[in-house]
Amino acid sequence: MREREPSLVYAFRQSTPYVNVHRGATFVLMMGGEALCHPNFANIVTDIALLQTLGIRLVLVFGSRPQNDQALARAGIEAQYHRRIRVTDDQSFDLIKQVCGGLQYDITAQLSMGLANTPMQGARISVVSGNFVTAQPLGVEDGVDYCHSGRVRRIDVEGIRRQLDQQGLVLISPIGCSVTGESFNLSSEEVARRVAVDLKADKLICFSSTQGVMDRHGEAISELFPEQAEELLVELEQAGEEMSGTARYLRAAIASCRGGVPRSHLVSYQDDGAMLQELFSRDGLGTQIVRESAERARAAAIEDIGGILDLIRPLEEEGILVRRSREQLEMEIDKFTIIERDGLIIGCAALYCFMEEAMAEMACVAIHPEYRNSNRGDQLIAKVAERAKRLGIERLFVLTTRSIHWFRERGFEPLEVEDLPVERQRLYNWQRRSKVLSKTIL
């Protein structure tokens, strides 16, 4: 047990920034019936309780597809689909309502646990269910009557927010009620997407059998834009996997991002702690789909020199940065990384590598004055560190006269001039007496 304490302390410290960011945020969790019947669901419940304890506002949307199929098979009823949508006749719907009702009570019961000596001790989660989803019938398509299969008409956003404001966890089933007093069988993916978009949630978190979206090497793709995700979805459909959990959740994540949800995550319901690792660690574990922004970090090109000069000249005049001529920038432009927003360069940094020592200098770090109170500096460091890591660099160092504490707050530690690469020592300006700080990146 003693041996595990350092890693536990490290994990707590690394998760602190994410705890602060997520507190008060609204997450919509989408969990299919496959996740509900998996042995790891009990662990997911404890992780949900932890999120609630940390002040995160939660809406849990569950599905029941495999349970519905099993109930229909036991009753000797063949499941019917048209265009990937279940055809829900009277006999089928009677069974589906029983299944969904039973699952709703089972989930509520598990979220209500509070046994001593368990992670749920003292959780006291208030689980709220209700008529938050108004539905309407799908009707007839291609001559096929969908009967009691429906689509979402409206989400009671205010009703959900009232419950969240009172620290309740809102539990929503895939059965929606209509204004005519009927009820309809809905797609849990559509319900989760509509709830996330209409609620203006900060995240949609989907649980699939795999740890996110896998590449051809079997590794999880950490980040995708909606356009990239759509290309992968087409590949899944061409491979005959259009009904797989990953494909269904991918559709919901893409539509949510396009509807305004900043980030949608796909994590595995089979791996213990997958959601926590995705939310509270630097590298995450699954796949997140993010909206494409007008702002991006990229390698600098020759046409960016004018924008870089405009950014760094005021800092050079103040003596914060060493002056660079246009000619020098032209020769070293391949070393620069920039952050561009709507055509304006709002951040830059250069990377000078000393391969023999596996060290690199991050220099000419500048952020536009209007963006210094945001996290652009952190993004720039991360991007430069990523580039250095790909080149085999193990340690990043900076020389600074004015930004010592800023770099210290980001993990850089003091270093002696004598510890710099020999070539860099010869170029050290003793008149400026810059402080040297370094950070391990491997």
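Predicted, not measured: the structure shown is a model, and the values here were computed from it. (Residues numbered from 1 in each chain as written. Predicted model: local features only at pLDDT ≥ 70, side-chain atom pairs only at ≥ 80, totals over all residues. Heavy atoms only, no water.)

**Let's talk about the overall build of the chain**
Then, number 1: Helix and strand counts for the chain come out as 15 helices and 23 strands.
Then, number 2: Expressed as a percentage of the 442 residues in the chain, the buried residues total 46%.
Then, number 3: Contacts spanning at least 24 positions in sequence make up 71% of the contacts within the chain whose residues lie at least 6 apart.
Then, number 4: As displayed, the chain offers around 22,900 Å² of accessible surface, 47% of which is attributable to carbon and sulfur atoms.
Then, number 5: For the chain, the centre of its 52 positive side-chain charges and the centre of its 62 negative side-chain charges are spaced 5 Å apart. (Helix = DSSP H or I, 4+ residues; strand = E, 2+ residues; numbered from the N terminus. Buried < 20%, exposed > 50% of the residue type's maximum accessible area, 1.4 Å probe, protein only. Contact = heavy atoms within 4.5 Å. Areas by Shrake-Rupley, 256 points an atom, 1.4 Å probe, with all protein chains shown as cover. Lys, Arg positive; Asp, Glu negative; His and termini not counted. Charge placed at Lys NZ, Arg CZ, Asp CG, Glu CD.)

**Some thoughts on the nonpolar core**
Then, number 1: Val28, Val59, Ile160, Ile172, Val195 and Leu250 are the most contacted members of the largest nonpolar core, which has 43 residues in total.
Then, number 2: Once residues within four sequence positions are removed from consideration, Val28 is found in contact with Val59, Val61, Ala192, Val195, Ala196, Ala201, Lys203, Leu204 and Ile205.
Then, number 3: Grouped together as the second largest cluster of nonpolar side chains are 34 residues, Ala49, Ala71, Leu103 and Val267 included. (Core = buried A, V, L, I, M, F, W, Y, C linked by side-chain atoms within 4.5 Å.)

**Examining the packing of aromatic side chains**
Then, number 1: All told, the structure shown has four aromatic pairs when counted by the stated rule.
Then, number 2: Taken together, the ring pairs in this structure connect Trp406, Phe407 and Phe412 into an aromatic cluster.
Then, number 3: When the ring centre of Tyr249 is taken as origin, the NZ or CZ atom of Arg248, which lies over that ring, is 5.5 Å away. (Phe/Tyr/Trp six-rings, centres within 6.5 Å; stacked < 30°, edge-to-face > 60°. Lys NZ or Arg CZ within 6 Å of the ring centre and 35° of its normal.)

**Notes on the pairing of strand 1 (residues 26-31)**
Then, number 1: Counted residue by residue, strand 1 has six buried out of six residues, so it is predominantly covered.
Then, number 2: Side chains of strand 1 alternate between two faces, with Thr26, Val28 and Met30 and Phe27, Leu29 and Met31 buried alike.
Then, number 3: Here strand 1 pairs with strand 2 (residues 57-62) via six bridges, running parallel. In the strand pairing of strand 2, Phe27 is matched with Leu58. (Pairing = 2+ DSSP bridges.)

**So, helix 4 (residues 65-74)**
Then, number 1: Inspection of helix 4 places Pro66, Gln67, Asn68, Ala71 and Leu72 among the buried residues, and these make up the whole buried set.
Then, number 2: Once helix 4 ends, the next one or two residues include Gly76, with phi positive near 75°.

**Considerations on the side chain of Asp304**
Then, number 1: By the element assignment, Asp304 lies in the loop between strand 17 (295-299) and helix 11 (305-317).
Then, number 2: Among all residues touching Asp304, those that are not within four sequence positions of it are Arg298, Ala299, Ile338 and Ile345.

**A word on the sheet that holds strand 14 (residues 223-224)**
Then, number 1: With respect to topology, eight strands assemble into an open sheet ordered 5-10-2-1-13-15-16-14, the strand pairing being mixed. Unpaired on one side and paired on the other, strand 5 (126-128) and strand 14 mark the two borders of the sheet.
Then, number 2: Where strand 5 and strand 10 (residues 168-172) come together, three bridges link them in parallel fashion. Across the sheet, residue Val128 finds its bridge partner in strand 10, namely Val170.
Then, number 3: Across the sheet, helix 5 (residues 90-111) lies against strand 2, strand 5 and strand 10, angled at about 145° from strand 2, the strand it touches most. (Axes fitted to C-alpha atoms, helices over the stretch in contact; angles between N-to-C directions.)

**A closer look at the packing of helix 8 (residues 226-238) against helix 9 (residues 245-258)**
For any two helices packed against each other, one specifies the crossing angle of their axes together with the interaxial distance.
Then, number 1: Where helix 8 contacts helix 9, the two axes come as close as 10 Å, and the packing angle between them is 155°. By the angle class used here, helix 8 and helix 9 are roughly antiparallel. Relative to helix 9, the crossing made by helix 8 is left-handed. The segment helix 8 lies against helix 9, with Pro226, Glu227, Ala229, Glu230, Leu233, Leu236 and Glu237 engaging Thr246, Ala247, Leu250, Arg251, Ile254, Cys257 and Arg258. (Parallel < 35°, antiparallel > 145°, perpendicular 65-115°, else oblique. Left-handed = near helix turned anticlockwise from the far one by under 90°.)

**Quick notes on the environment of Cys147**
Then, number 1: Considering the arrangement of structural elements, one finds Cys147 in the loop between strand 8 (144-145) and strand 9 (150-155).
Then, number 2: For the pair Cys147 and Val87, spaced 60 residues apart in sequence, the C-alpha separation works out to 6.5 Å.
Then, number 3: Setting aside residues no more than four positions away along its own chain, Cys147 makes contact with Thr88, Asp89, Gly139 and Phe184.

**Topic: the domain arrangement of the chain**
Then, number 1: By the assigned domains, the chain splits into domain 1 (18-293) and domain 2 (296-440).
Then, number 2: Each of domain 1 and domain 2 was reduced to a C-alpha centroid, and the two centroids are 43 Å apart. (Domains from an automatic or database assignment.)

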